[in-house]
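Reading the structure
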Amino acid sequence: MNDWPEDGGHGRGSANSHSEGARRMRHVQRPQAPQQPPRYDQDQGYGQNQGYNPNFTQAQGSGYDSGYSSGQVYGGQQGGGPQGGGAQGGGRGNVPPPYTPQGPGRPAPDWRKRAKIGSIVLVVGVLAWGIGTYAWASSQMRNEVDLSKVIERPSEGDCTTYLIVGSDSREGMSAEDKKKLHTGSAAGKRTDSMMILAACSSGNTMVSLPRDSWVSIPSFVGSESGKQYPARGGSKLNAAYAMDGPELLVRTVEFNTGLRIDHYAEIGFAGFANIVDALGGVDLNIEKGFKDKKSGADFAAGEQTLNGEQALAFVRTRYAFAQSDLQRTKNQQKFLSALANQAATPGTILNPFALYPTLGAGLDTLIVDKDMSLYDLGKMFFAMKGINSGDGKSMNMPLSGGAPQNSLKWDMPKVKQLVEQIRNDEKVTVESDR
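The following refers to the structure shown.

Reading the values: rules and limits
- Residues numbered from 1 in each chain as written.
- Predicted model: local features only at pLDDT ≥ 70, side-chain atom pairs only at ≥ 80, totals over all residues.
- Heavy atoms only, no water.
- Helix = DSSP H or I, 4+ residues; strand = E, 2+ residues; numbered from the N terminus.
- Contact = heavy atoms within 4.5 Å.
- Phe/Tyr/Trp six-rings, centres within 6.5 Å; stacked < 30°, edge-to-face > 60°.
- Buried < 20%, exposed > 50% of the residue type's maximum accessible area, 1.4 Å probe, protein only.
- Lys NZ or Arg CZ within 6 Å of the ring centre and 35° of its normal.
- Disulfide = S-S within 2.5 Å.
- Pairing = 2+ DSSP bridges.
- Salt bridge = Lys/Arg side-chain N within 4 Å of Asp/Glu carboxyl O.
- Expected span 1.5 Å × (residues − 1).
- Polar contact = N/O pair within 3.5 Å; in protein donor to acceptor, adjacent residues only side chain to side chain.

Let us now look at the environment of Ser 235. Position of Ser 235 among the secondary structure elements: in strand β10 (residues 232-236). Along the chain, Ser 235 and Ser 213 lie 22 residues apart, while their C-alpha atoms are 8.1 Å from each other. Residue contacts for Ser 235: discarding those within four places in its chain leaves Ser 213, Trp 214, Val 215 and Ile 217.

Our focus in this paragraph is the packing of aromatic side chains. The tally for this structure, following the rule as stated, stands at seven aromatic pairs. Centroid distance Phe 272 to Phe 335: 5.5 Å. Interplanar angle 50°. Geometry classified as tilted. With Phe 272 in helix α5 (residues 269-278) and Phe 335 in helix α7 (residues 325-343), this pair connects stretches of sequence that are 63 residues apart. Look at Phe 272 and you get buried, because its relative accessible area is 8%. Residues Phe 290 and Phe 321 carry aromatic rings whose centres are separated by 4.9 Å and whose planes lie at 65° to one another, so their mutual orientation is edge-to-face. Here the residue Phe 290 occupies a position in strand β13 (residues 290-292), and Phe 321 occupies one in the loop between α6 (308-316) and α7, the gap between them amounting to 31 residues. Grouping residues by exposure puts Phe 290 and Phe 321 together as buried. These aromatic residues form a ring-pair network of at least three members: Phe 272, Phe 290, Phe 299, Phe 314, Phe 321 and Phe 335. Here Lys 294 stacks its cationic end above the ring of Tyr 319, 4.3 Å away from the centre of that ring. Across from the ring centre of Tyr 319, 5.5 Å away, lies the NZ or CZ of Arg 318, which sits over that ring.

Tallied over the entire structure, the rule returns one disulfide. Here Cys 159 connects covalently by a disulfide to Cys 200, the sulfurs 2.1 Å from one another. Taking the sign of the S-S torsion, about 120° here, the bridge from Cys 159 to Cys 200 comes out right-handed. Taken as a pair, Cys 159 in the loop between β3 (142-145) and β4 (160-167) and Cys 200 in the loop between β5 (191-199) and β6 (204-208) lie far apart in primary sequence, 41 residues in all. Look at Cys 159 and you get buried, because its relative accessible area is 6%. We classify Cys 200 as buried; its relative accessible area is 11%.

As a further point, take the pairing of strand β18 (residues 399-403). As judged from the four bridges shared by β18 and strand β19 (residues 407-410), these two strands associate in the antiparallel manner. Among the inter-strand pairings, Leu 399 is bridged to a residue of β19, identified as Trp 410. The turn joining β18 and β19, which pair antiparallel and follow one another in sequence, is formed by three residues; a positive phi near 60° is taken by Gln 405.

With that out of the way, let us pick up the pattern of salt bridges. Under the counting rule described, the total for this entry stands at 11 salt bridges. Taking the shortest distance from any N to any O, the salt bridge between Arg 153 and Glu 254 comes out at 2.7 Å. Pair noted here: Arg 153 is in the loop between β3 and β4 and Glu 254 is in helix α4 (residues 237-257), with a separation of 101 residues, a long-range link. Accessibility expressed as a relative area gives 24% for Arg 153, which makes it partly exposed.

This brings us to helix α10 (residues 374-388). The end-to-end C-alpha separation of α10 is 21 Å, in line with the 21 Å expected for 15 residues at 1.5 Å each. When α10 is considered as a whole, its buried residues turn out to be Leu 374, Asp 376, Leu 377, Met 380, Ala 383, Met 384, Gly 386 and Ile 387. Backbone geometry just downstream of α10 places Gly 390 in the positive-phi region, at approximately 95°.

Looking at the secondary structure, you find Asp 425 in the segment after α11 (412-423). A distance of 2.8 Å separates polar atoms of two side chains, one belonging to Asp 425 and the other to Ser 202. Beyond its immediate stretch of four places on either side in the chain, Asp 425 contacts Asp 158, Cys 159, Cys 200, Ser 201 and Ser 202.

Here it is in C-alpha coordinates:
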(Lines give C-alpha, C1' and ligand atoms only; values in the text may rest on other atoms or scores of the structure.)
Protein backbone atom coordinates (compact mmCIF):
# COMPACT_ATOMS: atom_id res chain seq x y z
CA MET A 1 0.00 0.00 0.00
CA ASN A 2 1.39 3.34 -0.95
CA ASP A 3 0.90 6.25 1.37
CA TRP A 4 2.22 8.79 -1.04
CA PRO A 5 -0.38 11.11 -2.48
CA GLU A 6 -1.20 11.03 -5.97
CA ASP A 7 0.23 14.19 -7.38
CA GLY A 8 0.28 13.89 -11.08
CA GLY A 9 2.49 10.90 -11.18
CA HIS A 10 5.49 12.80 -9.91
CA GLY A 11 7.96 10.81 -7.96
CA ARG A 12 6.41 7.44 -8.74
CA GLY A 13 9.43 6.05 -10.62
CA SER A 14 7.53 5.89 -13.89
CA ALA A 15 9.00 6.33 -17.20
CA ASN A 16 7.84 9.86 -17.23
CA SER A 17 10.47 12.18 -18.62
CA HIS A 18 9.86 14.78 -16.00
CA SER A 19 12.07 14.62 -12.95
CA GLU A 20 10.56 13.61 -9.71
CA GLY A 21 9.64 16.64 -7.65
CA ALA A 22 9.62 17.17 -3.98
CA ARG A 23 7.34 14.87 -2.26
CA ARG A 24 4.79 16.20 0.26
CA MET A 25 4.11 14.08 3.33
CA ARG A 26 0.69 14.01 4.87
CA HIS A 27 0.62 15.56 8.38
CA VAL A 28 0.13 12.87 10.87
CA GLN A 29 -0.68 13.86 14.46
CA ARG A 30 0.89 11.53 16.99
CA PRO A 31 -1.57 10.40 19.60
CA GLN A 32 -0.85 11.74 23.07
CA ALA A 33 -1.78 10.50 26.46
CA PRO A 34 -4.60 12.50 27.97
CA GLN A 35 -3.40 15.31 30.21
CA GLN A 36 -4.60 15.05 33.79
CA PRO A 37 -4.26 17.85 36.25
CA PRO A 38 -1.79 17.29 39.03
CA ARG A 39 -3.40 15.71 42.05
CA TYR A 40 -3.20 17.56 45.31
CA ASP A 41 -3.77 15.85 48.59
CA GLN A 42 -4.03 17.95 51.71
CA ASP A 43 -1.69 15.72 53.56
CA GLN A 44 0.48 14.49 50.65
CA GLY A 45 0.95 17.44 48.26
CA TYR A 46 0.95 17.32 44.46
CA GLY A 47 1.23 14.18 42.45
CA GLN A 48 -0.33 10.81 42.74
CA ASN A 49 0.62 8.36 45.41
CA GLN A 50 3.63 10.26 46.62
CA GLY A 51 4.38 12.04 49.86
CA TYR A 52 4.37 15.75 49.94
CA ASN A 53 7.61 17.29 48.81
CA PRO A 54 8.01 20.93 49.76
CA ASN A 55 10.02 21.42 46.54
CA PHE A 56 7.47 19.66 44.31
CA THR A 57 6.85 21.45 40.99
CA GLN A 58 4.12 21.11 38.42
CA ALA A 59 6.64 19.98 35.93
CA GLN A 60 7.61 17.08 38.10
CA GLY A 61 3.97 16.19 38.52
CA SER A 62 3.38 16.03 34.77
CA GLY A 63 6.57 14.19 33.98
CA TYR A 64 7.93 17.12 32.01
CA ASP A 65 11.30 18.52 32.88
CA SER A 66 12.26 21.68 31.09
CA GLY A 67 15.72 21.59 32.56
CA TYR A 68 15.15 24.88 34.28
CA SER A 69 16.28 24.92 37.86
CA SER A 70 14.17 27.17 39.98
CA GLY A 71 16.82 28.27 42.42
CA GLN A 72 14.66 31.21 43.43
CA VAL A 73 10.93 31.52 43.32
CA TYR A 74 9.56 34.97 43.47
CA GLY A 75 7.50 35.43 46.56
CA GLY A 76 8.96 32.30 48.13
CA GLN A 77 12.07 31.38 50.10
CA GLN A 78 15.57 30.81 48.79
CA GLY A 79 16.16 27.36 47.39
CA GLY A 80 18.86 25.01 48.40
CA GLY A 81 19.69 22.98 45.32
CA PRO A 82 17.86 21.70 42.31
CA GLN A 83 14.96 20.50 44.35
CA GLY A 84 15.06 23.19 46.99
CA GLY A 85 15.82 20.64 49.65
CA GLY A 86 17.79 23.02 51.88
CA ALA A 87 16.56 24.43 55.13
CA GLN A 88 15.28 27.42 53.19
CA GLY A 89 14.18 25.48 50.13
CA GLY A 90 11.68 27.27 47.88
CA GLY A 91 9.98 24.92 45.50
CA ARG A 92 6.30 25.85 45.51
CA GLY A 93 6.77 29.06 47.40
CA ASN A 94 3.65 29.65 49.48
CA VAL A 95 2.57 26.05 50.02
CA PRO A 96 1.44 25.71 53.67
CA PRO A 97 3.48 23.49 55.96
CA PRO A 98 2.27 19.96 56.49
CA TYR A 99 -0.49 19.46 59.07
CA THR A 100 0.82 18.26 62.36
CA PRO A 101 -1.86 16.63 64.52
CA GLN A 102 -1.97 17.84 68.11
CA GLY A 103 -1.17 15.40 70.92
CA PRO A 104 -3.72 14.36 73.53
CA GLY A 105 -5.08 17.22 75.72
CA ARG A 106 -3.93 17.83 79.32
CA PRO A 107 -5.65 15.50 81.77
CA ALA A 108 -8.21 17.00 84.10
CA PRO A 109 -6.69 18.04 87.47
CA ASP A 110 -7.13 15.63 90.36
CA TRP A 111 -8.80 17.94 92.88
CA ARG A 112 -8.95 15.25 95.55
CA LYS A 113 -5.21 14.82 95.42
CA ARG A 114 -4.63 18.56 95.46
CA ALA A 115 -6.97 19.03 98.41
CA LYS A 116 -5.21 16.24 100.30
CA ILE A 117 -1.78 17.75 99.66
CA GLY A 118 -3.05 21.20 100.61
CA SER A 119 -4.51 19.86 103.85
CA ILE A 120 -1.25 18.16 104.73
CA VAL A 121 0.73 21.34 104.06
CA LEU A 122 -1.72 23.35 106.16
CA VAL A 123 -1.57 20.91 109.08
CA VAL A 124 2.22 20.79 108.97
CA GLY A 125 2.37 24.59 108.88
CA VAL A 126 0.00 24.96 111.83
CA LEU A 127 1.91 22.35 113.82
CA ALA A 128 5.22 24.04 113.09
CA TRP A 129 3.79 27.40 114.13
CA GLY A 130 2.26 25.93 117.27
CA ILE A 131 5.43 24.14 118.30
CA GLY A 132 7.51 27.23 117.64
CA THR A 133 5.14 29.43 119.64
CA TYR A 134 5.08 26.93 122.51
CA ALA A 135 8.86 26.75 122.61
CA TRP A 136 9.19 30.54 122.52
CA ALA A 137 6.57 31.11 125.24
CA SER A 138 8.07 28.40 127.44
CA SER A 139 11.45 30.12 127.22
CA GLN A 140 9.84 33.38 128.40
CA MET A 141 8.29 31.91 131.56
CA ARG A 142 9.78 32.97 134.87
CA ASN A 143 9.89 29.71 136.84
CA GLU A 144 11.31 31.24 140.00
CA VAL A 145 9.30 29.79 142.90
CA ASP A 146 10.67 26.55 144.35
CA LEU A 147 7.84 24.68 146.06
CA SER A 148 10.25 21.88 147.00
CA LYS A 149 11.42 24.17 149.81
CA VAL A 150 7.97 24.06 151.40
CA ILE A 151 7.99 21.65 154.33
CA GLU A 152 5.33 19.38 155.88
CA ARG A 153 3.02 19.45 152.91
CA PRO A 154 -0.50 17.90 152.81
CA SER A 155 -1.22 14.89 150.62
CA GLU A 156 -2.21 15.42 147.00
CA GLY A 157 -5.87 15.55 146.02
CA ASP A 158 -7.81 14.68 142.87
CA CYS A 159 -8.02 18.26 141.59
CA THR A 160 -5.24 20.53 140.33
CA THR A 161 -4.92 23.54 142.62
CA TYR A 162 -3.35 26.92 141.87
CA LEU A 163 -2.54 29.74 144.28
CA ILE A 164 -2.97 32.91 142.23
CA VAL A 165 -1.46 36.05 143.70
CA GLY A 166 -1.68 39.66 142.60
CA SER A 167 1.21 41.60 144.07
CA ASP A 168 1.73 45.34 144.35
CA SER A 169 5.14 45.01 142.71
CA ARG A 170 6.11 48.09 140.74
CA GLU A 171 8.85 46.21 138.90
CA GLY A 172 9.55 47.69 135.47
CA MET A 173 7.36 50.75 136.05
CA SER A 174 8.58 54.28 135.39
CA ALA A 175 7.65 57.24 137.57
CA GLU A 176 5.11 58.22 134.93
CA ASP A 177 3.58 54.72 134.97
CA LYS A 178 3.24 54.80 138.77
CA LYS A 179 1.50 58.14 138.63
CA LYS A 180 -0.80 57.07 135.81
CA LEU A 181 -1.80 53.80 137.51
CA HIS A 182 -2.08 55.33 141.01
CA THR A 183 0.22 52.70 142.49
CA GLY A 184 2.37 54.89 144.72
CA SER A 185 6.09 54.34 145.07
CA ALA A 186 6.37 51.90 147.97
CA ALA A 187 9.50 49.76 147.85
CA GLY A 188 9.41 45.98 147.72
CA LYS A 189 6.17 44.08 147.10
CA ARG A 190 3.24 42.75 149.04
CA THR A 191 0.24 40.64 148.21
CA ASP A 192 -2.66 42.68 146.97
CA SER A 193 -4.95 39.72 146.28
CA MET A 194 -4.88 35.95 146.78
CA MET A 195 -7.15 33.18 145.58
CA ILE A 196 -7.20 29.40 145.26
CA LEU A 197 -8.33 28.00 141.91
CA ALA A 198 -9.28 24.32 141.95
CA ALA A 199 -9.57 22.76 138.48
CA CYS A 200 -11.74 19.66 138.95
CA SER A 201 -13.71 17.36 136.69
CA SER A 202 -16.75 17.98 138.90
CA GLY A 203 -16.49 21.73 138.27
CA ASN A 204 -13.97 24.50 138.84
CA THR A 205 -13.96 26.55 142.02
CA MET A 206 -12.31 29.89 142.73
CA VAL A 207 -11.96 30.83 146.40
CA SER A 208 -10.70 34.29 147.36
CA LEU A 209 -8.53 34.61 150.45
CA PRO A 210 -8.92 38.08 152.00
CA ARG A 211 -5.48 39.47 152.68
CA ASP A 212 -6.66 40.48 156.18
CA SER A 213 -7.50 36.88 157.05
CA TRP A 214 -6.39 35.98 160.61
CA VAL A 215 -4.18 32.89 160.37
CA SER A 216 -1.29 31.11 162.04
CA ILE A 217 2.13 31.32 160.41
CA PRO A 218 3.78 27.90 160.90
CA SER A 219 7.46 27.09 161.28
CA PHE A 220 9.30 27.20 158.00
CA VAL A 221 12.69 27.00 156.32
CA GLY A 222 13.85 30.29 154.82
CA SER A 223 13.72 30.18 151.01
CA GLU A 224 16.99 32.12 150.73
CA SER A 225 18.80 31.48 154.02
CA GLY A 226 17.83 27.83 154.50
CA LYS A 227 17.43 28.50 158.21
CA GLN A 228 14.66 27.04 160.33
CA TYR A 229 12.22 29.62 161.70
CA PRO A 230 9.76 28.95 164.51
CA ALA A 231 6.02 29.27 164.22
CA ARG A 232 4.45 32.60 164.79
CA GLY A 233 1.10 33.34 166.47
CA GLY A 234 -1.90 34.86 164.77
CA SER A 235 -1.11 37.26 161.94
CA LYS A 236 -2.73 38.60 158.82
CA LEU A 237 -2.29 36.34 155.82
CA ASN A 238 -0.36 38.88 153.76
CA ALA A 239 2.31 39.02 156.49
CA ALA A 240 3.54 35.57 155.41
CA TYR A 241 4.42 36.85 151.95
CA ALA A 242 6.17 39.89 153.44
CA MET A 243 8.27 37.65 155.71
CA ASP A 244 9.62 35.12 153.19
CA GLY A 245 7.85 35.47 149.86
CA PRO A 246 5.87 32.91 147.85
CA GLU A 247 7.25 29.79 149.56
CA LEU A 248 6.10 30.86 153.02
CA LEU A 249 2.75 32.04 151.67
CA VAL A 250 2.14 28.59 150.18
CA ARG A 251 3.26 26.97 153.42
CA THR A 252 0.86 29.16 155.43
CA VAL A 253 -2.14 28.49 153.15
CA GLU A 254 -1.51 24.73 153.22
CA PHE A 255 -1.06 24.72 157.01
CA ASN A 256 -4.31 26.61 157.68
CA THR A 257 -6.50 24.86 155.08
CA GLY A 258 -5.04 21.35 154.80
CA LEU A 259 -5.21 21.69 150.98
CA ARG A 260 -2.11 21.01 148.94
CA ILE A 261 -1.17 23.71 146.41
CA ASP A 262 0.10 22.25 143.12
CA HIS A 263 1.11 25.45 141.33
CA TYR A 264 1.84 29.08 142.09
CA ALA A 265 1.28 32.10 139.81
CA GLU A 266 1.95 35.75 140.64
CA ILE A 267 1.59 38.91 138.58
CA GLY A 268 2.41 42.52 139.41
CA PHE A 269 0.64 45.78 138.63
CA ALA A 270 2.47 46.48 135.38
CA GLY A 271 1.99 42.99 133.95
CA PHE A 272 -1.69 43.00 134.76
CA ALA A 273 -2.29 46.33 133.01
CA ASN A 274 -0.16 45.31 130.01
CA ILE A 275 -2.12 42.09 129.46
CA VAL A 276 -5.39 44.00 129.40
CA ASP A 277 -4.02 46.52 126.91
CA ALA A 278 -2.56 43.76 124.73
CA LEU A 279 -6.04 42.24 124.48
CA GLY A 280 -7.46 45.58 123.42
CA GLY A 281 -9.37 45.94 126.69
CA VAL A 282 -11.72 43.64 128.60
CA ASP A 283 -15.50 43.85 128.39
CA LEU A 284 -17.20 44.00 131.78
CA ASN A 285 -20.64 44.75 133.17
CA ILE A 286 -20.41 46.97 136.26
CA GLU A 287 -23.64 46.67 138.16
CA LYS A 288 -23.22 49.81 140.25
CA GLY A 289 -20.97 52.77 139.55
CA PHE A 290 -18.32 53.88 142.08
CA LYS A 291 -15.39 56.23 142.57
CA ASP A 292 -12.18 55.97 144.57
CA LYS A 293 -9.46 58.60 144.63
CA LYS A 294 -6.78 56.25 145.95
CA SER A 295 -7.13 53.70 143.15
CA GLY A 296 -8.23 56.20 140.51
CA ALA A 297 -11.52 54.38 139.94
CA ASP A 298 -14.35 56.32 138.32
CA PHE A 299 -16.94 53.98 136.82
CA ALA A 300 -20.52 54.36 135.71
CA ALA A 301 -22.89 51.41 135.79
CA GLY A 302 -23.38 49.30 132.67
CA GLU A 303 -21.49 47.41 129.96
CA GLN A 304 -18.09 48.89 129.14
CA THR A 305 -14.60 48.03 127.96
CA LEU A 306 -11.84 48.59 130.50
CA ASN A 307 -8.29 49.36 129.43
CA GLY A 308 -5.23 48.46 131.53
CA GLU A 309 -5.38 51.55 133.73
CA GLN A 310 -9.10 51.18 134.38
CA ALA A 311 -8.83 47.44 135.01
CA LEU A 312 -6.14 47.93 137.65
CA ALA A 313 -8.26 50.57 139.39
CA PHE A 314 -11.26 48.23 139.33
CA VAL A 315 -9.51 45.29 141.02
CA ARG A 316 -7.69 47.45 143.59
CA THR A 317 -10.60 49.54 144.87
CA ARG A 318 -11.64 48.76 148.46
CA TYR A 319 -12.47 52.03 150.22
CA ALA A 320 -15.49 52.75 148.02
CA PHE A 321 -17.36 49.72 149.41
CA ALA A 322 -19.01 49.06 152.73
CA GLN A 323 -17.60 45.50 152.70
CA SER A 324 -14.18 46.86 151.84
CA ASP A 325 -11.81 43.97 151.05
CA LEU A 326 -14.60 41.41 150.69
CA GLN A 327 -16.20 43.36 147.87
CA ARG A 328 -12.82 43.89 146.31
CA THR A 329 -12.14 40.13 146.20
CA LYS A 330 -15.46 39.63 144.44
CA ASN A 331 -14.53 42.24 141.86
CA GLN A 332 -11.15 40.58 141.38
CA GLN A 333 -12.75 37.21 140.71
CA LYS A 334 -15.21 38.75 138.30
CA PHE A 335 -12.57 40.58 136.34
CA LEU A 336 -10.07 37.69 136.20
CA SER A 337 -12.77 35.39 134.86
CA ALA A 338 -13.69 37.96 132.19
CA LEU A 339 -10.01 38.41 131.33
CA ALA A 340 -9.47 34.67 130.96
CA ASN A 341 -12.66 34.34 128.94
CA GLN A 342 -11.42 36.93 126.47
CA ALA A 343 -7.83 35.68 126.35
CA ALA A 344 -8.68 31.99 125.86
CA THR A 345 -10.61 32.45 122.61
CA PRO A 346 -9.74 31.41 119.03
CA GLY A 347 -9.59 35.09 118.11
CA THR A 348 -6.63 35.49 120.47
CA ILE A 349 -5.01 32.05 120.42
CA LEU A 350 -5.05 31.63 116.61
CA ASN A 351 -4.19 35.23 115.80
CA PRO A 352 -0.42 35.84 116.04
CA PHE A 353 -0.97 39.60 116.15
CA ALA A 354 -3.04 39.17 119.33
CA LEU A 355 -1.39 36.08 120.85
CA TYR A 356 2.24 37.23 120.85
CA PRO A 357 1.63 40.64 122.44
CA THR A 358 -0.61 39.05 125.07
CA LEU A 359 1.87 36.31 125.91
CA GLY A 360 4.74 38.77 125.86
CA ALA A 361 2.95 41.15 128.22
CA GLY A 362 1.93 38.42 130.64
CA LEU A 363 5.03 36.21 130.65
CA ASP A 364 7.30 39.20 131.12
CA THR A 365 6.00 39.82 134.67
CA LEU A 366 4.26 36.53 135.52
CA ILE A 367 6.19 34.56 138.15
CA VAL A 368 5.38 30.85 138.50
CA ASP A 369 6.74 27.79 140.26
CA LYS A 370 9.54 25.73 138.79
CA ASP A 371 7.27 22.81 137.89
CA MET A 372 4.64 24.82 136.03
CA SER A 373 4.69 24.37 132.26
CA LEU A 374 2.99 26.45 129.62
CA TYR A 375 0.40 23.68 129.41
CA ASP A 376 -0.35 24.02 133.13
CA LEU A 377 -0.65 27.77 132.73
CA GLY A 378 -3.10 27.26 129.87
CA LYS A 379 -5.19 24.91 132.02
CA MET A 380 -5.33 27.59 134.70
CA PHE A 381 -6.68 30.19 132.27
CA PHE A 382 -9.24 27.78 130.82
CA ALA A 383 -10.39 26.88 134.33
CA MET A 384 -10.97 30.57 135.06
CA LYS A 385 -12.77 30.92 131.75
CA GLY A 386 -15.08 28.06 132.72
CA ILE A 387 -16.07 29.88 135.88
CA ASN A 388 -16.98 32.99 133.90
CA SER A 389 -19.19 30.93 131.57
CA GLY A 390 -21.06 29.37 134.50
CA ASP A 391 -19.18 26.06 134.57
CA GLY A 392 -17.95 26.45 138.15
CA LYS A 393 -18.25 28.50 141.28
CA SER A 394 -16.60 31.60 142.73
CA MET A 395 -16.74 32.48 146.41
CA ASN A 396 -14.91 34.00 149.36
CA MET A 397 -13.38 31.84 152.04
CA PRO A 398 -16.18 31.16 154.57
CA LEU A 399 -15.89 33.65 157.45
CA SER A 400 -17.26 33.61 160.99
CA GLY A 401 -16.67 37.19 162.06
CA GLY A 402 -14.03 39.67 163.06
CA ALA A 403 -10.65 39.14 164.68
CA PRO A 404 -7.87 41.31 166.17
CA GLN A 405 -6.33 44.14 164.15
CA ASN A 406 -9.43 44.54 162.00
CA SER A 407 -8.78 41.13 160.51
CA LEU A 408 -11.22 38.42 159.41
CA LYS A 409 -11.64 35.00 161.00
CA TRP A 410 -12.34 31.91 158.91
CA ASP A 411 -15.28 29.61 159.59
CA MET A 412 -13.14 26.50 160.11
CA PRO A 413 -15.92 23.84 159.96
CA LYS A 414 -16.97 25.18 156.55
CA VAL A 415 -13.36 25.54 155.48
CA LYS A 416 -12.72 21.85 156.25
CA GLN A 417 -15.85 20.79 154.35
CA LEU A 418 -14.81 22.93 151.39
CA VAL A 419 -11.34 21.44 151.37
CA GLU A 420 -12.64 17.87 151.52
CA GLN A 421 -14.94 18.45 148.57
CA ILE A 422 -12.10 19.91 146.49
CA ARG A 423 -9.62 17.21 147.49
CA ASN A 424 -12.06 14.44 146.56
CA ASP A 425 -13.18 16.15 143.33
CA GLU A 426 -16.74 16.56 144.54
CA LYS A 427 -19.17 19.29 143.61
CA VAL A 428 -18.68 22.20 145.98
CA THR A 429 -21.82 22.87 148.01
CA VAL A 430 -20.32 25.08 150.73
CA GLU A 431 -21.58 28.65 150.71
CA SER A 432 -19.94 31.79 151.95
CA ASP A 433 -22.08 34.19 153.97
CA ARG A 434 -20.17 37.24 152.81
